[in-house]
Amino acid sequence: MTVATTERLFNFSAGPAVLPLPVLQQVQQELLCLPGAGASILEISHRGPAFEPILAEAQANLKKLLGVGDDWQVLFLQGGATTQFSMVPMNFLTPGKSADYILCGAWSKKAIAEARKVGAVNVVWDGSSEKFTRMPRQSEMRATSGTIYMHTTSNETIEGVCFAEDPDLGEVPVVCDTSSDFLSRPLDMSRYSFIYAGAQKNVGPAGCTLVVARKEFLARAGGEKLPVMLEYKTHVENDSMYNTPPTFAIYVINLVLRWLLNDVGGLEAMHRRNLEKSKLLYNAIDGSEGYYRGHARSDSRSLMNVTFRLPSEELEKKFAKEAEARKLDGLKGHRSVGGMRASIYNAFPIEGVQALVTFMDEFRKANG
Ligand SMILES: *Cc1c(COP(=O)(O)O)cnc(C)c1O
């Protein structure tokens, strides 16, 4: 192993986040010269013969992982998931229409604020009075009649809550921000019309946003006077190549998709790994006799972002500091909720979770 790999920390960062080591090693190996291209992936044209197969393979790998066919469109966009907060309503929430939103945490709150700038929004479920400790149950998600779509967030990254099941809204098109748990488990795609995710949490480097949408739903987009880059039609018609796409990010994403397909063995296998990792942590919280207190209710616990508190803020500071000394990095929670947050995305190794659990136990004994 090189110095660089032995010096790597256990990286609990919420995003940009840990990537699979074999992917990083391949990037390193190919960085000076992409096989067959005679130059680095960073230096070649997006219209050239070396890049186009990468884009096509990334689209195909993504569809294969999600189990969707040619009635679905894959787009690689820029501007982060945050730009989707605006693009979705700008394209679909046309005058005279209204859209339903589920308010289940800090990210959906931002999505709602952007949609309100565009048109009529109904917040059909609001978890703020419960401090975003859970997701709505199926029976609590009732669509407003005539709604153009229902917007959900599959995993709220800051609070650490996620849906236990894909919501079933029947005929109502479901639009879902899957930024922080994308490809962490199989998705029942029959329940969705449009999903999007910033790559930097679970699928690749920062700089690319993935959209997977039904072509039939995309065809409903209006917004004829929109800036060209904000129209889905532009990106659909040009296969994500209207302007220069984030070529390096797409290349790395494709390597991560290959890793998921070939090394991990698909999303069912990925889900089993994620259940195992998160269970270790939640068991440590539940077995701590109240010393560690999980933020999320047990039926809404995130497999990706495990949020918990200690008996006092002083102890939380001490915990973060001592954890860092053990190479357990990035455990401080988001400033809006405090406490600790262990982000354990797909590529996060189980050894890191085991090390954290051991540390939690020792810390509690020393500071109980
Ligand atoms: C990080 C995050 C976003 C914002 O993503 P950007 O790519 O930084 O715009 C949106 N939604 C969720 C659920 C996130 O975790």
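These numbers come from a predicted model, not from an experiment. (Residues numbered from 1 in each chain as written. Predicted model: local features only at pLDDT ≥ 70, side-chain atom pairs only at ≥ 80, totals over all residues. Heavy atoms only, no water.)

## Thoughts on the overall build of the protein chain
Here is step 1 of the chain: Helix and strand content of the protein chain: eleven helices and 14 strands.
Here is step 2 of the chain: In terms of overall dimensions, the protein chain is globule-like: its C-alpha atoms have a radius of gyration of 21 Å, near the 21 Å expected for 368 residues.
Here is step 3 of the chain: Over its C-alpha atoms, taken along the principal directions, the protein chain stretches across nearly 65 × 55 × 30 Å.
Here is step 4 of the chain: In the protein chain, which comprises 368 residues, the share counted as buried stands at 54%.
Here is step 5 of the chain: Taking all contacts inside the protein chain whose residues are at least 6 apart in sequence as the whole, residues at least 24 apart take part in 68%.
Here is step 6 of the chain: Of the roughly 16,200 Å² of accessible surface on the protein chain, a fraction of 51% belongs to carbon and sulfur atoms.
Here is step 7 of the chain: Of note, the protein chain has its 40 positive side-chain charges centred 4 Å away from the centre of its 41 negative side-chain charges. (Helix = DSSP H or I, 4+ residues; strand = E, 2+ residues; numbered from the N terminus. Rg over C-alpha atoms; globule rule 2.2 N^0.38 Å. Buried < 20%, exposed > 50% of the residue type's maximum accessible area, 1.4 Å probe, protein only. Contact = heavy atoms within 4.5 Å. Areas by Shrake-Rupley, 256 points an atom, 1.4 Å probe, with all protein chains shown as cover. Lys, Arg positive; Asp, Glu negative; His and termini not counted. Charge placed at Lys NZ, Arg CZ, Asp CG, Glu CD.)

## Remarks on helix H11 (residues 350–367)
Here is step 1 of the chain: A rise of 1.5 Å per residue sets the reference length of H11, with its 18 residues, at 26 Å; its end C-alpha atoms lie 25 Å apart and thus fit the reference within 8%.
Here is step 2 of the chain: Within H11 the residues assigned to the buried category are Gly-352, Val-353, Leu-356, Phe-359, Met-360, Phe-363, Arg-364 and Asn-367. The buried residues of H11 occupy one face: seen down the axis, they fall within an arc of 135°. Those residues of H11 that are exposed and angled more than 90 degrees off the buried face are Lys-365 and Ala-366.
Here is step 3 of the chain: For H11, the elements touching its buried residues are strand E1 (10–11), helix H9 (267–286), strand E12 (305–309), helix H10 (313–325), strand E13 (328–329) and strand E14 (340–343). (Expected span 1.5 Å × (residues − 1). Arc of directions from axis to C-beta.)

## Re the sheet that holds E12
Here is step 1 of the chain: Ordered by their spatial adjacency, three strands build an open sheet running E11-E12-E14, and the pairing between neighbours is antiparallel. If you trace the sheet from one side to the other, it starts and ends with strand E11 (293–294) and E14, each paired once.
Here is step 2 of the chain: Relative to E14, E12 is paired through four bridges, and the arrangement is antiparallel. Within the sheet, the bridge partner assigned to Thr-307 lies in E14 and is Arg-341.
Here is step 3 of the chain: H9 rests against E11, E12 and E14 of the sheet, and its axis sits at about 15° to E12. (Pairing = 2+ DSSP bridges. Axes fitted to C-alpha atoms, helices over the stretch in contact; angles between N-to-C directions.)

## Thoughts on the environment of Gly-338
Here is step 1 of the chain: Topologically, Gly-338 is positioned in the loop between E13 and E14.
Here is step 2 of the chain: Among the residues examined, Gly-338 registers a relative accessible area of 25% and is labelled partly exposed.
Here is step 3 of the chain: Distance from Gly-338 to Ala-99, taken between C-alpha atoms, is 32 Å for residues 239 residues apart in sequence.
Here is step 4 of the chain: Leaving out residues up to four positions away in the same chain, Gly-338 has contacts with Arg-309 and Gly-333.

## Let's talk about the packing of helix H2 (residues 21–30) against helix H8 (residues 247–264)
Here is step 1 of the chain: Here H2 crosses H8 at 135°, and the two axes come no closer than 10 Å. By the angle between their directions, the pair H2 and H8 is classed as oblique. Considering the relative orientation of H2 and H8, their crossing is right-handed. Contacts from Pro-22, Val-23, Gln-26, Val-27 and Glu-30 of H2 reach H8 at Phe-248, Tyr-251, Val-252, Leu-255, Val-256, Arg-258, Trp-259 and Asp-263. (Parallel < 35°, antiparallel > 145°, perpendicular 65-115°, else oblique. Left-handed = near helix turned anticlockwise from the far one by under 90°.)

## Considerations on the packing of aromatic side chains
Here is step 1 of the chain: This model, assessed by the stated rule, comprises 19 aromatic pairs.
Here is step 2 of the chain: With a centroid separation of 5.7 Å and an interplanar angle of 90°, the aromatic rings of Tyr-292 and Phe-308 are classed as edge-to-face. Of this pair, Tyr-292 sits in the loop between H9 and E11 while Phe-308 sits in strand E12, and the two are 16 residues apart along the sequence.
Here is step 3 of the chain: Three or more aromatic residues joined by ring pairs make a cluster, and in this case those are Phe-85, Phe-92, Trp-107, Phe-194, Tyr-196, Phe-217 and Tyr-232. (Phe/Tyr/Trp six-rings, centres within 6.5 Å; stacked < 30°, edge-to-face > 60°.)

## Describing the pairing of strand E2 (residues 72–77)
Here is step 1 of the chain: With six of six residues buried, E2 lies mostly within the body of the structure.
Here is step 2 of the chain: Neither face of E2 is open: one carries Trp-72, Val-74 and Phe-76, the other Gln-73, Leu-75 and Leu-77, and all of them are buried.
Here is step 3 of the chain: Where E2 and strand E10 (residues 209–214) come together, six bridges link them in antiparallel fashion. Looking across to E10, one finds that Leu-77 is bridged to Thr-209.

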